[in-house]
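Survey of secondary and tertiary structure
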Amino acid sequence: MAELWKSLPSWVRNIVVPILLLVIAWKVFWTIVGVVAGIVGFAINVLVLVGIAAAVVILIKKAAKN
């Protein structure tokens, strides 16, 4: 691997490789952000659904007492 690295022209080692690594890191970062945002969004949806279900159960119990 070291031989391959040393055989690359200096402009590839100093310019192209860091830019490629930066682009890959950027993509990985936004993929992680997207996954986290998706999980948070799903959790909020579940909490809203549970809240609505609880409100319906409470209203049904109150209506049954009357």
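Structure: above.
Figured I'd write up the structure that's included with this text. Every value quoted in this text rests on a predicted model; they were computed, and no experiment measured them. Residue numbers here run from 1 along each chain, matching the order of that chain's written sequence. The model is predicted, so local features are restricted to residues of pLDDT at least 70 and side-chain atom pairs to those at 80 or more, both for listing and for counting; the totals for chains, interfaces and linings are taken over all residues. Note that water and hydrogens are dropped before the side-chain values are worked out from all heavy atoms of the structure.

**A look at the overall build of the chain**
- The secondary structure listing takes helices from DSSP runs of H or I that are at least 4 residues long and strands from runs of E that are at least 2 residues long, numbered from the N terminus. Regarding its fold elements, the chain presents two helices and zero strands.
- Here the radius of gyration uses the C-alpha set of atoms, whereas the globule reference equals 2.2 Å times the residue count to the power 0.38. For the chain, whose C-alpha radius of gyration is 27 Å, the value lies well above the compact-globule estimate of 11 Å for 66 residues.
- Dimensions of the chain along its principal axes, counting C-alpha atoms only, are 85 × 20 × 5 Å.
- Note on exposure labels: buried denotes an accessible area under 20% of the residue type's maximum, exposed denotes more than 50%, and partly exposed covers the range between, all computed with a 1.4 Å probe on protein chains only. Looking at the chain as a whole, 2% of its 66 residues are labelled buried.
- Here the accessible surface of atoms and residues is derived via Shrake-Rupley with a 1.4 Å probe, and residues count as covered only by protein chains that are part of the display. Just so you have it, the chain exposes about 6000 Å², and 80% of that area is on carbon and sulfur atoms.

**Details of the packing of aromatic side chains**
- Note on aromatic contacts: the rings of Phe and Tyr and the six-membered ring of Trp form a pair at centre separations within 6.5 Å, being stacked when their planes are under 30 degrees apart, edge-to-face when over 60 apart, and tilted otherwise. As enumerated under the stated definition, the model contains three aromatic pairs in all.
- Between Trp26 and Trp30, the aromatic rings sit 5.7 Å apart at their centres with planes inclined by 70°, giving edge-to-face as the arrangement. Residue Trp26 and its partner Trp30 are both found in helix α2 (residues 10-65); the two are separated by four residues, about one turn of the helix.
- Trp30 gets classed as partly exposed once you look at its relative accessible area, which sits at 43%.
- Look at Phe29 and Trp30: their rings are 5.1 Å apart centre to centre, the planes differ by 75°, and that puts the pair in the edge-to-face class.
- Within the aromatic cluster, the residues linked to one another by ring pairs are Trp26, Phe29 and Trp30.

On their own, these measurements won't tell you what the molecule is for.
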